[in-house]
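# Understanding the architecture of this molecule
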Amino acid sequence: INSDGSMQASLLDVKGLGVHELADTSSPRCTGFLGLADALRELGIQRLVQRLIEVDGLADRIGTVPFYAMLDSGLKYTGTNPATGWNGERCVLLVRQRQSRLFD
């Protein structure tokens, strides 16, 4: 925690690398892979919310966690992705700024 009360981390957050060893994987949707459709949806929502924050003049006080890259993992579902219902969907990695979840 910085002197002004903000939190700072110097690492990157990568989505789509798998699940935590203690995660409940009883649902077929909980694979730890990130499908292209979900990644694009997440990116679109992040950009929309960030733009609304900027339009309202609040960017100096709050903001969303920015995305840096979307990388093709080289993997794809051989059948249907249970999370999205798409057949043969590509799996991607989403690289974003590390954030702190103080209240988790």
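Details of the structure are given in the entry above.
Residues numbered from 1 in each chain as written. Predicted model: local features only at pLDDT ≥ 70, side-chain atom pairs only at ≥ 80, totals over all residues. Heavy atoms only, no water.

## Digging into the overall build of the chain
Here is the rule we go by: Helical segments are the DSSP runs of H or I of at least four residues, strand segments are the runs of E of at least two, and each set is numbered from the N terminus. For this analysis, residues touch if any pair of their heavy atoms sits within 4.5 Å. All accessible-area figures derive from a Shrake-Rupley calculation using a 1.4 Å probe, and residue coverage is judged against the displayed protein chains alone.
The number of helices and strands found in the chain is one helix and four strands. Starting at the N terminus, the α and β elements of the chain follow one another as β-β-α-β-β. For the chain, long-range pairs separated by at least 24 residues make up 59% of all intrachain contacts whose partners lie at least 6 apart in sequence. Here the chain has roughly 7600 Å² of accessible surface; of this, 55% comes from carbon and sulfur atoms.

## Section: the environment of threonine 25
We apply this condition: Burial status follows relative accessibility: with a 1.4 Å probe on protein chains alone, a residue under 20% of its type maximum counts as buried, one over 50% as exposed, and anything between as partly exposed.
With respect to the helices and strands, threonine 25 occurs in the loop between β1 (12-15) and β2 (34-35). Residue threonine 25 is classed as partly exposed on the basis of its relative accessible area, which comes to 44%. Not counting residues within four places of it along the chain, the set of residues in contact with threonine 25 comprises Val19 and Cys30.

## Considerations on the side chain of aspartate 13
Take aspartate 13: it is sitting in strand β1. Beyond its immediate chain neighbours, meaning those up to four positions away, aspartate 13 contacts Leu94, Val95, Arg96, Gln97, Arg98 and Gln99.

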